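Survey of secondary and tertiary structure
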Amino acid sequence: MASTPKRRIRNPKYSSSSSLPPSPMRVLSSIEPPPSLLPSKTEIFKLVAVVSIAVSVAVACNLVVKFFNRQPKPFCDTDSESDYYLSEVCDPCPRHGICYEGKLECTSGYTRHGRSCLEDGSINEMAKNLAKMVESHVCESYSEYLCKGINKVWFPGDELWNNMDKVKLAEDNATYLFAKNRAMDIVDNLLEMRDSNIGIKEFKCPELLVEHYKPLSCCVRLWLLEHAWFLIPFCVLLVGCVWMLLRVCHRHYLSVRAEELYEQVCDTLEEAALVSRSINGEGEGEPWIVASWLRDNVLTPKERRNPMLWKKVEELVQEDSRLDRYPKMLKGEPKVVWEWQVEGSSMRSSGKKKKGEVKKQKSSDLGSNQDQSLKPMEPLKWHIAVFEDRFWKLENFVSA
């Protein structure tokens, strides 16, 4: 029996144009990984942020460590001849400092602040106090010389420095010497200075500065002496003007007061004449009045001390034709009597009535209830009397 040939069954998976089986690379490329195996974009961003923060922290820590562990540059020596300003190895020595082997020490009067030397405030204050003591000593002496003519004006510098040494303000000798040198510099710029014949510096207080040391009484006295050429003529002119003004006021007061007294004298004489001659022609008294009695009656005790006032009244009476003046013997003594002419009394009476009516009309218009016996010139009379009294006191003082 004949055997039938076996047919090879082809795998469709490997069916291709080639009869060879596929290579391993092709097999791997054809295999796709599952989706959960690769990270997402969000996870990638988080990873980058964490790495950035870690790198930043590492760099910052490194810088901090380097900064604190950094050694400062040393100072270049003060006596070094090399051009250390261009050197990168050391820093230049600061002002007012002494540098040696890279270390800094400040000179006397200065203290170290960091890498520089600053002025010591206590030493500066000490120097100002020393300079103020010298200034007070020199200026007070000069002010006494100007006001009283004592003490001296120029002071040798050695004397001033010795006075400083007597009031030493610091226990440290180096500190005091530095403050003293600073005070000497201040004094040189503050006071006036000159060289004496033997080459010693002498100091004097300036004119503007000495004004602050003068007492008030001395300033007033010096001002008066300085302006005496102007003040004396001015005072003389002022006194003369015041005296002339007082004389004018006094004469005006005498004129006003004399007219008032003259009116009173006329009223008194007229009344005496009318009473002495009644309508029936029977006399009830003398028509005349003694002038001295009338004077003592109308004048106040203060006005009697001024003879010029009654003299003006007599001049007014002498000029009046209605009054007669003649001598008369009374009790064996000659007296001068005044008499009113009765013929002229009617005119004066009518005039007095008109004046009285005018006064009454004015008082009624103003609504005044004051007594008519008070005259409107009384306030002015009082002021004039006071002024006259002061004037006579001043005149008596000047004459004395």
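That block above? That's the structure.
Residues numbered from 1 in each chain as written. Predicted model: local features only at pLDDT ≥ 70, side-chain atom pairs only at ≥ 80, totals over all residues. Heavy atoms only, no water.

Looking at the overall build of the protein
Helix and strand counts for the protein stand at 12 helices and 10 strands. Counted over contacts in the protein with a minimum sequence separation of 6, partners at least 24 positions apart contribute 54%. Roughly 30300 Å² of accessible area belongs to the protein as shown, and the carbon and sulfur atoms make up 59% of that amount. (Helix = DSSP H or I, 4+ residues; strand = E, 2+ residues; numbered from the N terminus. Contact = heavy atoms within 4.5 Å. Areas by Shrake-Rupley, 256 points an atom, 1.4 Å probe, with all protein chains shown as cover.)

Digging into the packing of helix α3 (residues 121-148) against helix α4 (residues 157-166)
Two quantities define a packed helix pair, namely the angle between the axes and the distance from one axis to the other. Remark: α3 packs on α4, axes separated minimally by 10 Å, with the N-to-C direction vectors making an angle of 125°. With respect to α4, the element α3 is oriented oblique. Note that α3 runs across α4; the crossing there is right-handed. When α3 is examined against α4, the residues L130, V134, H137 and V138 are found in contact with a partner set consisting of E159, L160, N163 and M164. By residue class, the composition of the contact of α3 with α4 is 5 nonpolar, 2 polar and 1 charged. (Axes fitted to C-alpha atoms, helices over the stretch in contact; angles between N-to-C directions. Parallel < 35°, antiparallel > 145°, perpendicular 65-115°, else oblique. Left-handed = near helix turned anticlockwise from the far one by under 90°. Nonpolar A, V, L, I, M, F, W, Y, C, P; charged D, E, K, R; others polar.)

Overview of the nonpolar core
If you look at the biggest cluster of nonpolar residues, it comprises 31 residues, and the most contacted ones within it are V134, V138, L160, M164, V187 and C205. Secondary structure elements with two or more residues in this core: α3, α4, α5 (173-190) and α6 (207-210). The element contributing the most residues to this core is α3, with 9 residues. Not counting residues up to four positions away in its chain, the partners in contact with V187 are A131, V134, W161 and F203. Judged by nonpolar contacts, the second largest core, of 22 residues, contains A291, V298, L309 and W338. (Core = buried A, V, L, I, M, F, W, Y, C linked by side-chain atoms within 4.5 Å. Buried < 20%, exposed > 50% of the residue type's maximum accessible area, 1.4 Å probe, protein only.)

A closer look at the side chain of E202
When you line up the elements, E202 lands in strand β7 (residues 201-204). Given the relative accessible area of 16%, E202 is considered buried. Leave out the neighbours within four places in its chain, and E202 touches W154, F155, P156, E192, M193, R194 and S196.

Focus: the pairing of strand β10 (residues 333-340)
One ladder, built from 3 bridges, connects strand β8 (residues 288-290) with β10; its direction is antiparallel. Note that in β10 the partner of I289 across the bridge is W338. Pairing of strand β9 (residues 323-330) with β10, which is carried by 8 bridges, proceeds in the antiparallel orientation. Residue pairing across strands places L323 opposite W340, the latter belonging to β10. The antiparallel pairing of β9 with β10 creates a hairpin that spans 2 residues between the two strands, and K331 there sits at a positive phi of about 55°. (Pairing = 2+ DSSP bridges.)

Looking at the packing of aromatic side chains
Under the criterion given, the structure shown has 4 aromatic pairs. Note on W229 and F230: the rings are 6.1 Å apart at their centroids and 65° apart in plane angle, and the pair reads as edge-to-face. Of the residues examined, W229 reaches a relative accessible area of 65% and is grouped as exposed. Note on F230: relative accessible area 45%, which makes it partly exposed. When the ring of W310 is compared with that of W338, the centres are 5.7 Å apart and the planes differ by 10°; the resulting orientation is stacked. Here W310 is found in helix α10 (residues 307-319), whereas its partner W338 is found in strand β10, with 28 residues between them in sequence. Looking at W310, the relative accessible area reads 7%, which means it is buried. Taken together, the aromatic side chains of W229, F230 and F234 make up a single cluster linked through ring pairs. (Phe/Tyr/Trp six-rings, centres within 6.5 Å; stacked < 30°, edge-to-face > 60°.)

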